[in-house]
Amino acid sequence: MIFIIIIGMSLVTMIPRIIPAFIVEKFVFKDWINRWLSAIPYAALGAMIFPGILYVKDNNPSVGIIGGIVAIILAFLGLNIVFVVVGAIIAVYLITM
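Remember, it's a predicted structure, so these values are computed and weren't measured experimentally. (Residues numbered from 1 in each chain as written. Predicted model: local features only at pLDDT ≥ 70, side-chain atom pairs only at ≥ 80, totals over all residues. Heavy atoms only, no water.)

Novice: Requested: an account of unusual backbone geometry, with residues and values cited.
Specialist: Despite not being glycine, Asn59 shows a phi value in the positive range, around 60°. Turning to its location among the elements, Asn59 is positioned in the loop between helix 2 (31-54) and helix 3 (61-76). (Helix = DSSP H or I, 4+ residues; strand = E, 2+ residues; numbered from the N terminus.)

Novice: How would you summarise helix 3 if you had to cite specific residues and measurements?
Specialist: For helix 3, spanning 16 residues, the distance from its first C-alpha to its last is 23 Å, which sits close to the expected 22 Å at 1.5 Å a residue. All buried positions along helix 3 are accounted for by Val63, Gly64, Gly67, Gly68, Ala71 and Leu74. Within helix 3, the buried residues cover an arc of 130° as seen down the axis, which keeps them to one side. On its buried face, helix 3 sits against helix 2 and helix 4 (81-96). Gly78 lies just past helix 3 and shows a positive phi near 90°. (Expected span 1.5 Å × (residues − 1). Buried < 20%, exposed > 50% of the residue type's maximum accessible area, 1.4 Å probe, protein only. Arc of directions from axis to C-beta. Contact = heavy atoms within 4.5 Å.)

Novice: Can you break down the environment of Ile49 residue by residue, with the values?
Specialist: By the element assignment, Ile49 lies in helix 2. For Ile49, a relative accessible area of 44% puts it in the partly exposed group.

What follows is the structure in C-alpha cells.
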C-alpha cells in the first residue's frame, strides 16, 4: 500500500512539471516574452536569498546587507561562484569580529 502511495505521489508531482515542457515547445513567443521568462530564475533566487540576508545577525540587518553588497560586487567582477560566496562570508566575518 505504501508503494502505491509513493508512486501516486510521484505521478502527481511529475505530471504538472512534464506537461508544460512539451506544450511550450510548440509555441513561438515574442522576444520580449522570452526576455521576461529568462529573468524568472534570477528573480526567484533573489526572493529566496534576500530575506536570509536581512537576518544574518539578530537586530543588525546591515551586516547581511554589506555581505550581500560584497557578493554582488564580486559577481559583477566575474569571479567564480565559490569565490563570491567565500568573499561574502569573509566580509561578514570581518564585520562581526
